Amino acid sequence: MSKFVVATVMAVALFGWAALAYGEDASREKCTCDAKPGLVQDNGAWIDNATACWSSVDAQRDWCQMTVQAIEGDARHETIINELIQAKDDPANLIAVLRTQAERSTTADDKQGDITKAREDLPAVMKRFDKLTAVCVGEFLKHTKDNGDFDPIEDGAFACHIGKETGWLRMSYKVGEVEFVFMIAPHA
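A large share of strand β7 (residues 169-175) lies buried, amounting to 5 of its 7 residues. Looking at chain direction, strand β6 (residues 158-162) and β7 are connected through 5 bridges and run antiparallel. Of the residues in β7, the one forming a bridge with C160 is M171. Linking two consecutive strands that pair antiparallel, namely β6 and β7, is a turn of 6 residues; a positive phi of about 80 degrees is found at G167 within it. Where β7 lies against strand β8 (residues 178-184), 7 bridges are found, and the strand directions are antiparallel. From the neighbouring strand, K174 faces β8, where its bridge partner is E179. If you look at the hairpin formed by β7 and β8, you'll find 2 residues sitting between the two strands, and G176 has a positive phi there, around 65 degrees.

Attention now moves to the sheet that holds β6. The strand order across the open sheet formed by 6 strands is β4-β3-β8-β7-β6-β5, and the pairing between neighbours is antiparallel. Because the sheet does not close on itself, it has two edges, and the strands there are β4 (63-71) and β5 (153-155). Ignoring strand direction, the axes of neighbouring strands in this sheet form an average angle of 10 degrees. Sheet topology places β5 next to β6; 3 bridges connect them, and they run antiparallel.

Quick look at the nonpolar core now. If you look at the biggest cluster of nonpolar residues, it comprises 37 residues, and the most contacted ones within it are L84, L98, L169, M171, Y173, F182 and I184. The contact partners of I184, leaving out residues within four places of it in the chain, are T51, A52, H77, I80, I81, L84, F140, W168 and L169. If you look at the next biggest cluster of nonpolar residues, it comprises 7 residues, including C53, W168, M183 and A185.

A few words on the state of the cysteines. As enumerated under the stated definition, the model contains 3 disulfides in all. The side chain of C33 participates in a disulfide bridge whose partner is C64; the two sulfur atoms lie 2.0 Å from each other. Placement of C33 in strand β1 (residues 32-34) and of C64 in strand β4 is noted, with a sequence separation of 31 residues between them. The disulfide bridge from C136 ends at C160, spanning 2.0 Å between sulfur atoms. Residues C136 and C160 share a disulfide whose torsion about the S-S bond is about 80 degrees; that sign makes it right-handed. With a gap of 24 residues between them, C136 in helix α6 (residues 130-146) and C160 in strand β6 connect regions that are remote in the sequence. One exposure class covers both C136 and C160, and it is buried.

Bringing the side chain of D58 into the picture now. Along the chain, the position of D58 falls in strand β3 (residues 50-58). A polar atom in the side chain of D58 sits 3.1 Å from the backbone nitrogen of Q60. Aside from chain neighbours lying at most four places away, what touches D58 is W63, D114, I115, E177 and V178.

Thresholds applied
- Residues numbered from 1 in each chain as written.
- Predicted model: local features only at pLDDT ≥ 70, side-chain atom pairs only at ≥ 80, totals over all residues.
- Heavy atoms only, no water.
- Buried < 20%, exposed > 50% of the residue type's maximum accessible area, 1.4 Å probe, protein only.
- Helix = DSSP H or I, 4+ residues; strand = E, 2+ residues; numbered from the N terminus.
- Pairing = 2+ DSSP bridges.
- Axes fitted to C-alpha atoms, helices over the stretch in contact; angles between N-to-C directions.
- Core = buried A, V, L, I, M, F, W, Y, C linked by side-chain atoms within 4.5 Å.
- Contact = heavy atoms within 4.5 Å.
- Disulfide = S-S within 2.5 Å.
- Polar contact = N/O pair within 3.5 Å; in protein donor to acceptor, adjacent residues only side chain to side chain.

Listed below in structure tokens is the structure:
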């Protein structure tokens, strides 16, 4: 009987630990890139002092690239937030702002054929999800004021997550096997 009790306690302890491991990982909300997401981030990188960035993830090659748009303490973060505030009520204008950011932040070269092709197709995918993008950005801007709950949006090639712990926005567009992800810290 005592062996059964010990085995049960160990199973509950191990299950409880595993369940916690699936909980929200605040570091994943920030400027991170993980080509093979799992319980442990060990196939990518994160940028500790970034407050806004874009990443390109090529799942076929287990490869990702990040471009920092703003770092802690610079004025660029505030500029990006203001651009989002001004464009949030007009989906076409918001997509134009994000497209400009993506064009400056996602590189393409001959060695990255899949990324180059996906980058060319990104504007069409963004346009297809313009209304969801506006909802996502609106919720992010609202969330930074009141820290309300937000249910993630996932619709085909579009996903929007707002971190419960950190308030970071993580919005992604998938083009084929390549995912373009915009990440930004909440307004201070």
